[in-house]
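Coordinates in review
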Amino acid sequence: MDIADKLIREHRLTKEEYAELIRAYEDENLAKRLADEAVRLRREIYGDAVYVRGLIEFTNICKNDCLYCGIRKSNPNAERYRLTKEEILDCCVQGYHLGYRTFVLQGGEDGYYTDERLADIVSAIKSKYPDCAVTLSVGERSFESYRLLKSAGADRYLLRHETANVQHYQRLHPPELTLENRMRCLRDLKQLGYQVGAGFMVGSPYQTAECLADDLLLLQEFQPEMAGIGPFIPHHDTEFANEPAGSVELTLFLLSIIRIMLPHVLLPATTALGTLNPVGRERGMLCGANVVMPNLSPVENRKKYELYDNKICTGEEAAECRGCLANRMKSVGFRLVTDRGDYCP
Ligand code: SAM
Ligand code: FES
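Basis of the calculations
- Residues numbered from 1 in each chain as written.
- Chains lettered and ligands numbered in written order.
- Predicted model: local features only at pLDDT ≥ 70, side-chain atom pairs only at ≥ 80, totals over all residues.
- Heavy atoms only, no water.
- Helix = DSSP H or I, 4+ residues; strand = E, 2+ residues; numbered from the N terminus.
- Rg over C-alpha atoms; globule rule 2.2 N^0.38 Å.
- Buried < 20%, exposed > 50% of the residue type's maximum accessible area, 1.4 Å probe, protein only.
- Contact = heavy atoms within 4.5 Å.
- Areas by Shrake-Rupley, 256 points an atom, 1.4 Å probe, with all protein chains shown as cover.
- Lys, Arg positive; Asp, Glu negative; His and termini not counted.
- Charge placed at Lys NZ, Arg CZ, Asp CG, Glu CD.
- Phe/Tyr/Trp six-rings, centres within 6.5 Å; stacked < 30°, edge-to-face > 60°.
- Lys NZ or Arg CZ within 6 Å of the ring centre and 35° of its normal.
- Core = buried A, V, L, I, M, F, W, Y, C linked by side-chain atoms within 4.5 Å.
- Near = heavy atom within 4 Å.
- Polar contact = N/O pair within 3.5 Å; in protein donor to acceptor, adjacent residues only side chain to side chain.
- Nonpolar A, V, L, I, M, F, W, Y, C, P; charged D, E, K, R; others polar.
- Salt bridge = Lys/Arg side-chain N within 4 Å of Asp/Glu carboxyl O.
- Pairing = 2+ DSSP bridges.
- Axes fitted to C-alpha atoms, helices over the stretch in contact; angles between N-to-C directions.

1. Digging into the overall build of the chain
Regarding its fold elements, the chain presents 14 helices and nine strands. Whereas a compact globule of 345 residues would reach a radius of gyration of roughly 20 Å, the chain reaches 19 Å, a difference of no more than 12%. In the chain, which comprises 345 residues, the proportion classed as buried is 61%. Across the chain, the fraction of contacts at a sequence separation of at least 24, relative to all contacts at a separation of at least 6, is 74%. Put simply, the chain shows about 13,700 Å² of open surface, and 49% of that area lies on carbon and sulfur atoms. Within the chain, the 50 negative side-chain charges are centred at a point lying 4 Å from the centre of the 43 positive side-chain charges.

Rendered as structure tokens:
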């Protein structure tokens, strides 16, 4: 397909071209061509290294009510928890010992973690582990809040835009959440000098090829350092309980397109991809991904951070997760590395 050639040559397409490419995702030859080019590019820039991010899911309390999310505030069956500063630091001790040099603090939008409390946790991690990067993923906050957290030492921020189409955004979120504010946050984070991650779910309810084309165009224009792309998976306690999960093949196809569009991007093979397919993360590597995010949360809390059904890696100890992922990456010719794994411009 000449659109694929154009993407490979120019690293950018129009919205119509992206939509046409997406509609052809079941063409195996096309998918293979894009995957091969994606892997060629990632090898040229990052070699066979796979960066590891230790994910600490430190609170499942959230003031938001995103319709797809298992820990949304209106789910009365979610067993709520939050970790103390000491518990978070204990996770880092374990993670550091396992060779992790990036810690990702992710959670719901939990008002308990004021700027002061969160900044204190970030600076405690940074002063104990100055050789590590801290990534935050705690949702929408003010410019001033992002500024304070940055000066406390936070290096990166993950905030998926979720969908770049306004109407689609409104169908996935309650009225008080807007794409406009999500984008304001992403721009603020970039302006403040964070390495920023945008991204979206694949196969969320009401999503069309045009929505996905808008998502790709947004990434092309925003040029994030990281892109978080994973399949939507229904959660039994949400109103999307009976919706089908996103397609693994389409997710892989999009990973390849994103690697070609943004050759230097840090691109995780997500836990959601591993949940839908037993070798989803390995296949992600073979489509251009170069990051994995093993869980570092205390085992007793893991099942409670249930964004979607049947989430994997909720029973293992951190060390087991590391060993398992190292073997999985090796099986497809890649190598987990002990490195901060910063963006290579
Ligand atoms: N509260 C923060 C935020 O809004 O960015 C971080 C936590 S939020 C649970 C992290 C991501 O989980 C979201 O950006 C969303 O894309 C993903 N997610 C939530 N529910 C999901 C589902 N049912 N299937 C797949 N991914 C989901
Ligand atoms: Fe807040 Fe999902 S609704 S983390």
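2. Quick word on the packing of aromatic side chains
A full pass over the atoms with the stated rule returns 10 aromatic pairs. Aromatic side chains Phe-58 and Tyr-113 sit 4.7 Å apart centroid to centroid with 80° between the ring planes, which places their arrangement in the edge-to-face category. Of this pair, Phe-58 sits in strand S2 (residues 54–59) while Tyr-113 sits in the loop between strand S3 (102–107) and helix H5 (115–128), placing them 55 residues apart in sequence. When sorted by exposure, Phe-58 lands in the same class as Tyr-113, which is buried. Each ring, one from Tyr-206 and one from Phe-240, has its centre 6.2 Å from the other, and the planes form 75°; the classification is edge-to-face. With a gap of 34 residues between them, Tyr-206 in the loop between strand S6 (195–202) and helix H9 (209–222) and Phe-240 in the loop between strand S7 (226–231) and helix H10 (248–261) connect regions that are remote in the sequence. Assessed through its relative accessible area of 41%, Tyr-206 is described here as partly exposed. Judged by relative accessible area, which is 3%, Phe-240 ranks as buried. Pairwise contacts between aromatic rings join Phe-58, Tyr-112 and Tyr-113 into one cluster. Here the basic side chain of Arg-101 rests over the ring of Tyr-96, its NZ or CZ set 3.6 Å away from the ring centre. Residue placement shows Lys-190 over the ring face of Phe-222; its charged tip is 4.4 Å from the ring centre.

3. Observations concerning the nonpolar core
Ranked by size, the top nonpolar core spans 107 residues in total, and within it Ile-125, Leu-219 and Ile-258 carry the most contacts. Here this core takes 10 residues from H10, the largest share from any one element. Those residues within four positions of Leu-219 in sequence are excluded, and the remaining contacts are His-161, Ala-198, Gly-199, Phe-200, Pro-224, Ala-227, Ile-229, Ile-258, Met-261 and Leu-262. Listed in part, the 11 residues of the second largest apolar core include Leu-55, Val-104, Leu-266 and Met-293.

4. Section: the site of ligand 1
Every one of the 17 residues lining ligand 1 counts as a neighbour, but Tyr-68, Gly-107, Arg-160, Glu-162 and Ile-233 are closest to it. Between ligand 1 and the protein, one listed contact pairs an oxygen atom with a side-chain N or O atom of Glu-162 at 2.5 Å. Leu-307 places a polar main-chain atom, nitrogen or oxygen, 3.4 Å from a nitrogen atom of ligand 1. Compared with its free state, where it exposes 560 Å², ligand 1 has 92% of that area covered by protein. Among the residues making up the shell around ligand 1, the classes are represented as 10 nonpolar, four polar and three charged.

5. Things to note about the pattern of salt bridges
This model, assessed by the stated rule, comprises 27 salt bridges. Note that Lys-311 is salt-bridged to Glu-57, the shortest N-O span being 2.9 Å. Note that Lys-311 is positioned in the loop between helix H13 (299–302) and helix H14 (318–331) and Glu-57 in strand S2, a separation of 254 residues in sequence. The pair formed by Lys-311 and Glu-57 is uniform in burial state, with each residue classed as buried. One salt-bridge network, held together by shared partners, links Lys-126, Asp-155, Arg-156, Arg-340 and Asp-342.

6. Here's the deal with the sheet that holds S7
The strands making up a sheet are joined through hydrogen bonds of the backbone, oriented either antiparallel or parallel. Ordered in space as S2-S3-S4-S5-S6-S7, the six strands form an open sheet in which the pairing is parallel. Every interior strand has two partners, whereas the edge strands, S2 and S7, have only one. Geometrically, the sheet is characterised by an average inter-axis angle of 20° between neighbouring strands, direction not taken into account. Pairing geometry for S3 and strand S4 (residues 133–137), over five bridges, is parallel. Bridge pairing links Thr-102 to Ala-133 in S4. Strands in contact with helix H8 (residues 179–191) are strand S5 (156–158) and S6; relative to S6, the strand with the most contacts, it is inclined by about 150°.

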